[in-house]
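The chain contents come next:
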Amino acid sequence: MSSPQPPGTGARIPVAMILAAMLFPVFMAFAYPASYVSAMHQPAPHHMEVEVIGTSGSAQQLARQVAARGGDALDVTTVADAATARQDVMDRETRAAFNPSDGTLYVATAGGRQAAGAAQSVFQQVAQQVGVPLTVQDLRKPAPKDTLGIAYMYIMTACVTAGYVTSTMLGNLGKGMRLRSRLGLIGLLSVVAAVLTTGVTWGFYGVYDSHLVPAGLVAMGAYLTAAVFQLGVGGLLGQAATIVGITVFVILGIPASGIATSPDMMPGFFQVIHRMMPTGAIGELLQRIIYFDGHGVGPWILLLATWLLLGAGLLWLGSLRGPHAGEDQSVIADQVDHARKHPDEPLLTAYDSDGSDDDAAAPRSVGGRHRAQEVKRS
């Protein structure tokens, strides 16, 4: 029986590896404030779409004046009548619509209080110029228990984080699992995550009282997309996938969702990635379903599905890199289990052959053409 090794004589992790690992928390300490502060520290309109109601020459001239005064902050168009303008606001095609004939400004604060407030500030000056009192008509307000209009952000954050963590843990602890077992577990947990997040929001706190099922389906899609994408990246990059996942879903993903700060109140970079990131799609889907009866969800469903398919493609690429380690370990586990149940029976565990499968049925001596290795219980 060997004596225990004295302290300090075991294998040591190289200092270079430790220093390399410490780059990850340093990266996070820089990336979090760099992203969040850049996106949210000074919200201001950037190409915010607004409308002036009317087709007369004076309405066209007023629209040009507002556009010239706003510069890059505003994209101003004209619309024929008030009914069309109200529908555009509800369809999320414009942030606000101003009627110069009576001073009415149509907004929807459920789509973003900061943006609606910025539009009101702009058209307050326009109304004074025209000489009419400004009357704000809020077409869709946040729910009474969602005064900020952003409670659904935590549904997105919870499902995306849970999906990312699930795949990270499967990558570290579930190396012996078959791929279909991992995907089956992810599918099951996506239902659990959707039920829990919507249950807390709708049932426990009663923040919302409608559109429960479609919002739950979006929550499932958020979990599945994050989990499948992270599992695919992990199969290709290993431990380095952690940085990719946190960057996509948290460091850039949360600001790019456009929930805490409306997309047209953020710098141009975040407006662009809002239309590209999975969190942008999730945020738009939840907002449009909960507050705007699902208007304009088609493109955002397509974007979220694209990310899910991207994750599936990464999984497929990872499967081409080498043998299915999970299947190999499963075979070994079956052999060990068989040996425990039949301790006196030799177990064929390895086989080398240069002939046909028929020859393999009759193992010969070590010096022959075929060779079988036996593992016996010690």
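Now for a description of the structure that goes with this document. Owing to the predicted nature of the structure, the values given are computational and were not obtained by experimental measurement. (Residues numbered from 1 in each chain as written. Predicted model: local features only at pLDDT ≥ 70, side-chain atom pairs only at ≥ 80, totals over all residues. Heavy atoms only, no water.)

Before going further, it helps to examine the environment of Pro-100. Within the secondary structure layout, Pro-100 lies in the loop between strand S3 (96-99) and strand S4 (104-107). In this view, Pro-100 contacts Val-52, Ile-53, Leu-62, Val-130 and Val-132; residues no more than four positions away in its chain are not counted. (Helix = DSSP H or I, 4+ residues; strand = E, 2+ residues; numbered from the N terminus. Contact = heavy atoms within 4.5 Å.)

Note that Trp-307 resides in helix H12 (residues 298-319). The spatial distance from the C-alpha of Trp-307 to the C-alpha of Ala-226 is 8.6 Å, given a sequence separation of 81 residues. Trp-307 has contacts with Thr-225, Phe-229, Val-248, Met-276, Met-277 and Pro-278, leaving out every residue within four places of it along the chain.

What follows deals with the sheet that holds S3. What holds strands together in a sheet is hydrogen bonding between their backbones, with the strands either parallel or antiparallel. Reading across from one edge, S2-S1-S3-S4-S5 is the order of the five strands in this open sheet, with mixed pairing throughout. Of all the strands in the sheet, just strand S2 (74-79) and strand S5 (135-138) have a single pairing partner and so form its edges. Across the sheet, the axes of successive neighbouring strands diverge by a mean angle of 25°, strand direction being ignored. The pairing of strand S1 (residues 48-53) with S3 spans three bridges and is classified as parallel. Bridge pairing in S3 places Val-50 opposite Ala-96. Against the sheet, helix H4 (residues 113-130) engages S1, S2, S3, S4 and S5, with an angle of about 40° to S1. (Pairing = 2+ DSSP bridges. Axes fitted to C-alpha atoms, helices over the stretch in contact; angles between N-to-C directions.)

Here we take up the pairing of S3. A two-sided burial pattern is seen for S3, the buried positions comprising Ala-96 and Phe-98 on one face and Ala-97 and Asn-99 on the other. Summarising the sheet, S3 and S4 pair through three bridges and their orientation is antiparallel. Directly across from Phe-98, in S4, lies its bridge partner Leu-105. In textbook terms, the turn of a hairpin is the stretch between consecutive antiparallel strands, and for S3 and S4 this stretch comprises four residues, one of which, Gly-103, has a positive phi near 80°. (Buried < 20%, exposed > 50% of the residue type's maximum accessible area, 1.4 Å probe, protein only.)

In this structure, the second largest pocket occupies an estimated 480 Å³ of space. Lining the second largest pocket are 23 residues; nearest its centre among them are Arg-92, Arg-95, Pro-263, Asp-264 and Glu-284. At the level of secondary structure, the elements contributing two or more residues to the lining of the second largest pocket comprise S1, helix H10 (268-274) and helix H11 (278-292). The element that contributes the greatest number of residues to the lining of the second largest pocket is H11, accounting for four residues. Class assignment for the residues of the lining of the second largest pocket results in five nonpolar, 10 polar and eight charged. (1 Å grid on protein atoms, 1.4 Å probe; cavity = no way out; pocket = protein on both sides within 12 Å on 5 of 7 lines; lining within 4 Å. Points joined across faces, edges and corners; volume = space filled by probe spheres on them. Nonpolar A, V, L, I, M, F, W, Y, C, P; charged D, E, K, R; others polar.)

Moving on to the environment of Gly-111. Its location among the elements puts Gly-111 in the loop between S4 and H4. Overall, Gly-111 belongs to the buried group, its relative accessible area being 5%. Between the C-alpha atom of Gly-111 and that of Lys-141, which follows or precedes it by 30 residues, the distance is 8.3 Å. With sequence-adjacent residues up to four places away left out, Gly-111 is seen in contact with Arg-92, Arg-95, Ser-262, Gln-287 and Phe-292.

The contact between helix H1 (residues 15-40) and helix H8 (residues 241-251) brings their axes to 11 Å, and the two run at 20°. Considering their axes alone, H1 and H8 lie roughly parallel with respect to each other. When the axes of H1 and H8 are compared, the crossing they make is right-handed. Only Thr-242, Ile-243, Ile-246, Thr-247, Val-250 and Ile-251 of H8 make contact with H1, whose side of the interface consists of Phe-24, Phe-27, Met-28, Ala-31, Tyr-32, Ser-35 and Tyr-36. A per-class count over the contact of H1 with H8 returns 10 nonpolar, three polar and no charged. (Parallel < 35°, antiparallel > 145°, perpendicular 65-115°, else oblique. Left-handed = near helix turned anticlockwise from the far one by under 90°.)

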